[in-house]
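# Structure assessment
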Amino acid sequence: MRARVYVTLKPSVFDPQGRVVADALLSLGYEDVSDVRQGKFFDLELSDTDTDPAAARARVTEMAEKLLANPVIESYRVEVLP
Amino acid sequence: MRARVYVTLKPSVFDPQGRVVADALLSLGYEDVSDVRQGKFFDLELSDTDTDPAAARARVTEMAEKLLANPVIESYRVEVLP
Amino acid sequence: MTVIDAAVLERHGIAPDEYARILELMGREPNLLELGLFSVMWSEHCSYKSSRVHLKTLPTTGPRVVQGPGENAGAVDIGGGLCAVFKIESHNHPSFIEPYQGAATGVGGIIRDIFTMGARPIALLNALRFGSLEHPQARRIFEGVVSGIGGYGNSIGIPTVGGEVVFDELYAGNPLVNVLCLGIARADDIVKGAARGAGNPVYYVGARTGRDGIHGATMASAEFDESSAEKRPAVQVGDPFMEKLLLEACLEVMKTGALVGIQDMGAAGLTCSTSEMGSRGGHGMVVDVMHVPQRETGMSPYEIMLSESQERMLMVVHRGREREVEAVFEKWDLHAVKIGEVAEGDRLKIFDHGQLVGDVPNRALTDEAPVYRRPMREPEWQAEVRQLDLASLGAPPAAQGAFEALLASPTIASKRWVYGQYDHTVGTNTIAQPGLSAAIVRVKDTPVALAISVDGNGRFCYLDPHRGGMLAVAEAARNVACAGGEPIGATNNLNFGNPERPEIMWQFAEAVRGIGDACRALEVPITGGNVSLYNETEGRAIYPTPVLGVIGLLDDAEATCTRTFKQPGAFVVMLGDNRGELGGSEYLARLHGTVRGVPPALDLARERALQRLVIDLIRAGAVQSAHDCAEGGLAVTLAECAFGTGGLGLRADVPAAGDAGPYQAHATLFGESASRVVVSAAPERRAQVIEAAVAAGVPARVIGETGGARIAIAVEGTVVIDSAVDHAEQLWSTAIERRMTRGGDSGL
Amino acid sequence: MTVAVVVFPGSNSDADAYYAVSHVIGVGAVLVWHKDTELGAADAVILPGGFAHGDYLRTGAIARFSPIMGAVTRFAGRGGPVLGICNGFQVLLEAGLLPGAMVRNRGIKFVSSMVPVRVEQTDTPFSAACTGGQVLSLPIAHGEGNYFADPDVLAEIESNRQVVFRYVDGHGEATPEGNPNGSLNNIAGICNRQRNVVGLMPHPERACESSLGSHDGRVVLASVVQSLAAGAARG
Ligand SMILES: Nc1ncnc2c1ncn2[C@@H]1O[C@H](COP(=O)(O)OP(=O)(O)O)[C@@H](O)[C@H]1O
Ligand SMILES: [Mg+2]
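Heads up: these notes are all about the structure in this document.

### A look at unusual backbone geometry
Residues and elements named next belong to chain D. The phi dihedral of I108 falls on the positive side, at around 55°, and the residue is not glycine. Among the secondary structure elements, I108 is positioned in the loop between strand 5 (101–103) and strand 6 (111–119). For I108, a relative accessible area of 6% gives the class buried.

### Some points on the pattern of salt bridges
Residue and element names in this part refer to chain C. Using the criterion set out here, one finds 65 salt bridges over all chains in the structure. In this structure, R211 and E303 form a salt bridge, with 2.8 Å as the shortest nitrogen-oxygen distance. In this pair, R211 sits in the loop between strand 7 (201–206) and helix 9 (216–219) while E303 sits in helix 12 (residues 301–306), placing the two residues 92 residues apart along the sequence. The class of E303 is buried, set by a relative accessible area of 18%.

### A closer look at the sheet that holds strand 9 (residues 284–288) of chain C
All names here are of chain C. With respect to topology, seven strands assemble into an open sheet ordered 8-10-7-11-9-12-13, the strand pairing being mixed. Only two strands of the sheet have a single neighbouring strand rather than two, namely strand 8 (259–264) and strand 13 (355–361). Adjacent strand axes in the sheet meet at a mean angle of 20°, parallel and antiparallel pairs treated alike. Here five bridges tie strand 7 to strand 10 (residues 312–317), and the two strands are oriented antiparallel to one another. Within strand 10, the position partnered with G206 by the bridge is R312. Those strands touched by helix 11 (residues 269–281) are strand 8, strand 9, strand 10, strand 11 (337–343) and strand 12 (347–352), and its axis lies near 140° from that of strand 8.

### A short note on the environment of L582(C)
Residue and element names in this part refer to chain C. Along the chain, L582 falls in the loop between strand 22 (571–575) and helix 21 (586–592). Its relative accessible area of 4% is what places L582 among the buried residues. With 15 residues separating them in the primary sequence, L582 and G597 have C-alpha atoms 7.5 Å apart. Sequence-distant contacts of L582, defined by excluding residues within four places in its chain, comprise L390, Y587, L588, H666, A667, F670 and G671.

### Structural notes on the relation of the copies chain A and chain B
With an RMSD of 0.2 Å, the operation that places chain A on chain B is a rotation of 180° combined with a shift of 0.0 Å along the axis. Taken together, the rotation and translation describe the operation of a two-fold axis. No C-alpha of chain A lies nearer the rotation axis than that of K40(A), which sits 2.0 Å from it. Both copies present the same face, since 100% of the interface residues in chain A are matched by interface residues at the equivalent positions in chain B.

### Digging into helix 8 (residues 136–156) of chain C
Counted at 1.5 Å a residue, the expected span for helix 8 of chain C with its 21 residues is 30 Å, and the 30 Å between its end C-alpha atoms agrees. Taken from the residues just after helix 8 of chain C, G157(C) is the one with a positive phi, measuring 85°.

### Describing the pairing of strand 16 (residues 449–455) of chain C
Residues and elements named next belong to chain C. In terms of burial, strand 16 is a largely internal element, seven of the seven residues being buried. Neither face of strand 16 is exposed, since A449, A451, S453 and D455 on one face and L450, I452 and V454 on the opposite face are all buried. In the sheet, strand 15 (residues 439–442) pairs with strand 16 via four bridges, with the strands oriented antiparallel. Opposite I440, over in strand 16, you have A451 as the bridge partner.

Rules used throughout
Residues numbered from 1 in each chain as written. Chains lettered and ligands numbered in written order. Predicted model: local features only at pLDDT ≥ 70, side-chain atom pairs only at ≥ 80, totals over all residues. Heavy atoms only, no water. Helix = DSSP H or I, 4+ residues; strand = E, 2+ residues; numbered from the N terminus. Buried < 20%, exposed > 50% of the residue type's maximum accessible area, 1.4 Å probe, protein only. Salt bridge = Lys/Arg side-chain N within 4 Å of Asp/Glu carboxyl O. Pairing = 2+ DSSP bridges. Axes fitted to C-alpha atoms, helices over the stretch in contact; angles between N-to-C directions. Contact = heavy atoms within 4.5 Å. Least-squares fit on C-alpha atoms with pLDDT ≥ 70 in both. Expected span 1.5 Å × (residues − 1).

This is how it looks when you write it as structure tokens:
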């Protein structure tokens, strides 16, 4: 089973990287890009003993909570793939 | 209109961050995680003059090709949201 | 309009009597925006209301002082028309909440203080305190802080050249992150943060303003408790790239001469910069928040004025020269925007789209801030913790084992794991790499170099804050002297608990008194500093921890000195007296889990003579190495001189010191008596070194000779420590790494 | 002789390269702003270390679009000597002037230390004054210096003798212990097929004076002076 955890900066938190990417796109002539926010994701390969998607989601949520996301500035979303 | 570009390291490229996350999860007791790969994504806010999703996709693909991903090590996927 | 009731005042951290004073100064009831201005400017962090009366007692003048406290940073003359501009700043609370960003933005803040003065920053140092590395939480904070410091400094390209790290459970819930920045400026080019000339435009440049950090300054002035979690969105994200652009652009703009004054927007953001610049220059200021570049929509004047978004500067420009200034910023892709003007009078007037929304006499926010003489009381436990009964500790452990345990103690062990993540070579000025001694940076295009050290021992201050304050100054100055630098200026960061508790206030006052005494005796003026109070978690305060940063001048950048032995057959001398003082030592803490006793005595005249002697010996080329005896005592000092030499050992035999019964050997080897330096010198220099010491009135004793591949130390002829250099060095150099990799916490 | 040092926004070793070239090696140096479109009369070009554009997207990814890069590419195409140091190397990779790419250090942490680097090839303008197999002590300071190339590209680089510098251990061997960042084949620096464009992660410009801990970097910068002089002599 596989899971993906998306981690993004909370909307109120400044994203300097996104800003620089937006500026770069602008200077390359992509004037229609008004804003860019950068995020990251983790693709987790789970062993076959996890077969219950609900249980897997709970477990991955725990991992996100504990390690993958920094709750002070980031929020996350968990997706479980079969 | 909004678009998201996912960028991942190609499978042949070693992912040091994914490795460190996997090790950390393991040491936290998540022994069912057999592998982790880390990727990034960019959420682009496009101005309202872009209304044709196909055209927007083509344009964003161009941005990914040119700037957002490095074809030597990365692959990308474009998603256009209404 | 919101009524200002008790709840509103409480949320703003304004006491009832302070509010009465606001009413008096305003001559009317403030509106919410105005209350917000008072709340941040009268916070402990910005107003120094509890500490000011004590700080006033510090010596701040001297022949070399070009700028004392009061400006963005202090400055001392280093000859050739140049100044060393330096200051230390803390980011303790933010680093606890978000270690990476908290530490990173702390670095960004102090760098702005330096280049705001017109100086080019050339070095960073940091003094850090964490809980024990045995705990995952402390490891996580440590890891995040170190990578945040590196992340910011490496990117902006200012080398991090030194610092200190101490681990102790008392810092578990309240780590300390103090960062010192040193820059070089032409004395004539020093720029001040004052607004003058009515009608001169006021410019804003840098990052856009967001809602981040609102009430950061008040947060830094409040104790932690459960509810601080709610303040979490107050975390700011650093943008070293933006700061690099600002640094280059500001230094370039200053060269045009078109600036009247400049100040960064740090704590209390736009509020602090507008009111301080106005009151320093004896002028008023008028701004319209409509012009302030904003990152988020719908921000209120309150939010805009109180935001602590990073990487922003406020400038006053000579009228008529706006284009010159704008052009420089445009070159760097920064957009300087005019947000207001300097005005006659003394009022800070804030408009929003042309409508007056706030109107305050600027001095009411700055100079008129409350000043407290808070009650002080020596803690009841103070006398008790000074009692040290060695007999109660049982039989002493073998010296060999204690020695090895000390080498592997994270506080003593090599900090390579830390500075290996810091770019310390960028700038091509770093003469002494971190890990060898006080940091040494040369000043290009001159013959001189500067040595810098940051030091402070919280345990000593806890046992005796007055002596602890003195010892911190002495140690930092001694470290600088051991590098060959003559101490010429100091900055200090005072990290203490809640000043509303009389015991804490007493510790504070005593420590400041100690710092002042030592600075006067050693003739090292304090040119600035920072106070961080309320360092407590759940009512448990940290050790009182003053951190001293001392700058030393080396007339000749080639005549430097480091700690390492240079050749076999050199003789090893201990300068100063070994009194076998174990009180407050790392030995007692590490081996016996006890923090008790009287900290080492300090005779400032002797200290001064010792430092003078060491500097002279180095200048004369008489010694090959010099190392201060500090944590871990003589044994650890000798071992450290052997580390980094490729395995060059020594044999030493030291006379027993003090009167410690069965602990005699331990007190001799691990006691932390002050005013001691171990030097090594070529055999033919023996007479010269001893004669110089005698002439200086400094006790000097040849205690051994370098050679072999073992560290062999005897007390009164009996060898009690005998380790292969390689083995000892391995313990010492990998102690932190081992703890950090074992835990498996990641540095995401 | 003039060496042009390009300044990108976020470059932080531009002044160091300038200083080393002009004050230590003693040849002319000029700083060229990235928005310029001409290199002027430069005889050699250095892309310096730093964090151009913050390295926020990928190292060197945005800098390669700077106006000056057109001139750098033309200069390189004419056979002019171009040296990319650290971030400059990363820019050259992103610009396609050198093969391969950089990923995060294997240990994910920034690494800053003095490391031994072995000179593998001496027929480039930035190694001509070295002796083959010479081991230089040079500082590294980077977070993304882990060199990667596809297996076929890597094989080609090796067979064309394009690896100019390799990380080695204390015994001068290219072992895993000597590899500070996980680079494939311990690669510290490479050149292009034409051998006039060289990139390396270590900082020779920071190791030009013994008071700074090493002067081994001098030979790298002196190489370009020597090879330009030789070229001029050949006419
Ligand atoms: N946080 C740090 N950052 C950079 N260098 C550090 C840091 N902590 C310690 N060091 C370096 O490690 C060495 C030893 O530090 P310390 O044990 O405090 O020694 P001392 O005070 O005797 O100089 C010094 O050279 C110091 O600069
Ligand atoms: Mg110290």
